[in-house]
Amino acid sequence: MATGEEAQRASEADIAVHWREEGYVWPPASFAAQANLQDRSVYDRMSLERFPDYFAEHAELLDWFSPYEAILDTSHAPEWRWFTGGSLNAAYNCLDRHLEGARNRVAFHFVPEPEDEPVVSVSYQQLWRRVNAFAALLRDYAGVQKGDRVTIHMPMTVELPVAMLACARLGAVHSVVFGGFSAQACADRMVDSQSHVLVTMDAYYRGGRLIDHKAKADETVALAREQGLEVRHVLVWQRHRGRYQSAAPLVPGRDALVEDLLASSFARSRVAPEPMRGEDPLFLMYTSGSTGKPKAIRHGTAGYLAWVAWTSRYIQDLRPDDVYWCMADIGWITGHSYIVYGPLALGVTGVIYEGVPTHPDAGRPWRVAEALGVSVFHTSPTAIRQLRRDGPDEPQKYDHRFRIMTTVGEPIEPDVWRWYHGAVGKGQAVVVDTWWQTETGGWLITQAPGLMPMKPGSAGPALPGIHPVILDEEGREVPAGSGRAGNLCLRAPWPGIAQGIWGDRERFIATYFAKYNRDPESKDWRDWPYMAGDGAMQAADGYYRILGRIDDVINVAGHRLGTKELESAALKVEGVAEAAVVAALDSVKGRVPEVFVSLEPGFDGSGVAAAVRDAVTREIGPIARPRAVWVVPDLPKTRSGKIMRRILAAIANGREDVGDVTSLANPEAVDAIRALVQGGAAGGA
Ligand code: PRX
């Protein structure tokens, strides 16, 4: 029985569904024969005894202006610095170095959501030109300098990687905010990173509608001003060049149409790639944690780029003649690492799809794949569940053919896995389940597709050079291969690991290291195991199964949301006295938030549930929209007044047994809530 602090929480790992361990599925021999990673000795070569020297292999995938001197500098432990003492540029590695041999190769096919709009294919040469031009605009018009933060709040279009790579070229630090996030979320991130330039777009298509996006920029600027930050420039791309499609007017002196500035001044400009130190920051990516405020994960240049390039090559198995479609959004880490930086570093052709996968029907992805000859596919279990639900027989209508297909972000149930493998992959494609996080920069736990079998429902053993360990609450090692659950940790760092949290070293240490750190003064990596925040178990064959978050984070459709963020949005609604958010299991999205609120005395509850839903959607974005909002007379609490989320989670998930209620100050609250929820009363609007 959980006690104390733990009992008040109800983590994902607590409510995880467990499936039985499955047998192996072997890849076709033809796959293994062509795989980029066929050398089994890689695991020995990258053993812990040889750490960190073997990461020289990763750095070799990059072009350096001047060679690095040290592989790992631990002097700022645990803010690890990789490949220090040399210089390089990420945009140079993603663009310039391919011009010699592959200037006419397509870098990105842009697929608009409206099916009658033609695909736009951009070559490496063309992408390079546009990045140069936009870098010149950022520098000479918007005054962006090396080290400045630039916020990019954009939909899925080629202009998004153009903006990112332009920052990288200048040595500016980009902070991409997922396009679906609210103006409030964007403003908070601008304020936290002290960013004075916002790159946005007028409009984009989603779910069959043209969405006005520029309006959000105006709101962002106003909300940032309330917090004391002046946004100096709003740079607006147009979804259709030359046609401005937002109802929000351009604000003179602040807003500018990018295409106009390019045409008048910068279209032919060239900007020399800034030589960056290996450890210089490349970007910030905000992610949710246990507190109400999202934190800016800071990724460095050389280590990050080397890690995503290596994993793209050896695990995603990318080859220069591949057409690779990662269906994630670039606004999340998956898109950064596996749409932009990894594939471009290798000079591969990628696909950027604007809209929702099921638009106009669930055959769309397979039509796109057929038309473009997509050979490698990457998506989330949520997208797979949606596509199966809406079009189980669609894949067989098309002649697409994938060599390898990856999944990311959530555990994939064996049943869903089998449909993906059989229907989508036609039984031929190798399926790889990739476990990682915003903080890890790239994949850490997967099977090596050419070397070992697949196992539905398991992420696989660790990548070569990655050394996980499962620790219990006291820091004891859970025996390897014992099938016992514990906290997933990494014994040693790797080049893709976050370099820190922007402006908050203490929070970085507290979140990922403090629990298992052996000596806060130590500069020895052995004293700083990284705690991922996930529960996991390892089977006898070394394959890991991920159970879910152990903290106050819920993974909704593969996106991370902090329950505290949702609660603070709910608390802004008039009349709400207390709010508690829990994760409820969902057959499509994996997990979804449900909100429980109690009201201030004498307050009439009508309309509150709808207002809470709106508040959450407005403050965070539609992805956080609760499945239900329950207005309850009282929330179950301990005698010291702490809300028992564990009990609420059990009720939301339809469990008979809600656990021990004897320590509650108000046990009668439980029955009232159960009657409301399990009795099927409508949960709000
Ligand atoms: O709980 C794990 C889950 O997603 C979390 C990381 O979320 P985020 O930083 O947004 O990155 C998502 C894309 C990498 C993890 O702590 N997660 C990620 N991949 C898997 C997973 N859970 C199970 N299986 C996976 N393959």
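See above for the structure.
Residues numbered from 1 in each chain as written. Predicted model: local features only at pLDDT ≥ 70, side-chain atom pairs only at ≥ 80, totals over all residues. Heavy atoms only, no water.

A. Quick look at the overall build of the protein chain. For the protein chain, the helix and strand inventory stands at 21 helices and 30 strands. The C-alpha atoms of the protein chain give a radius of gyration of 25 Å, which matches the 26 Å a tight globule of 685 residues would have. Of all 685 residues assigned to the protein chain, the portion counted as buried reaches 65%. Across the protein chain, contacts joining residues at least 24 apart in sequence account for 72% of those joining residues at least 6 apart. Carbon and sulfur atoms make up 49% of the accessible area of the protein chain, which amounts to about 24500 Å² in all. Charged side chains of the protein chain number 72 positive and 85 negative; the gap between the two group centres comes to 2 Å. (Helix = DSSP H or I, 4+ residues; strand = E, 2+ residues; numbered from the N terminus. Rg over C-alpha atoms; globule rule 2.2 N^0.38 Å. Buried < 20%, exposed > 50% of the residue type's maximum accessible area, 1.4 Å probe, protein only. Contact = heavy atoms within 4.5 Å. Areas by Shrake-Rupley, 256 points an atom, 1.4 Å probe, with all protein chains shown as cover. Lys, Arg positive; Asp, Glu negative; His and termini not counted. Charge placed at Lys NZ, Arg CZ, Asp CG, Glu CD.)

B. Up close: the packing of helix 12 (residues 302-314) against helix 13 (residues 333-345). Between helix 12 and helix 13, whose axes approach to 8 Å, the crossing angle comes to 85 degrees. One element, helix 12, and the other, helix 13, form an angle in the roughly perpendicular class. Together, Tyr304, Leu305, Val308, Ala309, Thr311 and Ser312 of helix 12 and His336, Ser337, Tyr338, Tyr341, Gly342, Pro343 and Ala345 of helix 13 make up the contact between the two elements. Across the contact of helix 12 with helix 13, the residue classes tally to 8 nonpolar, 5 polar and no charged. (Axes fitted to C-alpha atoms, helices over the stretch in contact; angles between N-to-C directions. Parallel < 35°, antiparallel > 145°, perpendicular 65-115°, else oblique. Nonpolar A, V, L, I, M, F, W, Y, C, P; charged D, E, K, R; others polar.)

C. The arrangement of helix 7 (residues 124-141) in detail. Helix length check: helix 7, at 18 residues, gives a terminal C-alpha distance of 25 Å against a target of 26 Å (1.5 Å per residue), a fit within 8%. Summarising burial for helix 7: 13 of the 18 residues are buried, a large majority. One or two steps after helix 7, the chain reaches glycine 143, where phi turns positive at roughly 70 degrees. (Expected span 1.5 Å × (residues − 1).)

D. The nonpolar core, seen in detail. Residues Leu127, Phe134, Ile152, Leu235 and Tyr341 are the most contacted members of the largest nonpolar core, which totals 161 residues. It is helix 7 that provides the largest number of residues to this core, a total of 10 residues. Those residues in contact with leucine 127, other than ones at most four positions away along the chain, are Leu95, Ala107, Phe108, Val122, Val158, Val162, Leu165 and Leu344. Counting 65 residues, the second-largest nonpolar core is a separate cluster that includes Val556, Val573, Val576 and Val597. (Core = buried A, V, L, I, M, F, W, Y, C linked by side-chain atoms within 4.5 Å.)

E. Spatial organisation of the packing of aromatic side chains. Evaluated as defined, the whole model comprises 37 aromatic pairs. Note on tyrosine 54 and phenylalanine 55: the rings are 4.6 Å apart at their centroids and 55 degrees apart in plane angle, and the pair reads as tilted. With respect to class, tyrosine 54 is no different from phenylalanine 55; both count as buried. Between tyrosine 68 and phenylalanine 83, the ring centres sit 5.1 Å apart and the planes meet at 65 degrees, which makes this aromatic pair edge-to-face. (Phe/Tyr/Trp six-rings, centres within 6.5 Å; stacked < 30°, edge-to-face > 60°.)

F. Here's a closer look at the site of the ligand. In the vicinity of the ligand, 17 residues are found, and the nearest of them are Asp433, Thr434, Thr438, Asp534 and Arg560. Separating a nitrogen atom of the ligand from a backbone N or O atom of threonine 434 is a distance of 2.7 Å. Between the ligand and aspartate 534 there is a distance of 2.8 Å, counted from an oxygen atom to a side-chain nitrogen or oxygen. Going through the elements one at a time, helix 13, strand 20 (430-434) and strand 25 (544-549) are the ones with two or more residues in the shell around the ligand. By residue class, the composition of the shell around the ligand is 6 nonpolar, 6 polar and 5 charged. (Near = heavy atom within 4 Å. Polar contact = N/O pair within 3.5 Å; in protein donor to acceptor, adjacent residues only side chain to side chain.)

G. Geometry of the packing of helix 7 against helix 11 (residues 258-266). At a closest axis distance of 10 Å, the pairing of helix 7 and helix 11 adopts a crossing angle of 90 degrees. By the angle class used here, helix 7 and helix 11 are roughly perpendicular. Residues Arg130, Ala133, Phe134, Ala136, Leu137, Asp140 and Tyr141 of helix 7 pack against Val258, Glu259, Leu261, Leu262 and Phe266 of helix 11. Residues that form the contact of helix 7 with helix 11 fall into these classes: 9 nonpolar, no polar and 3 charged.

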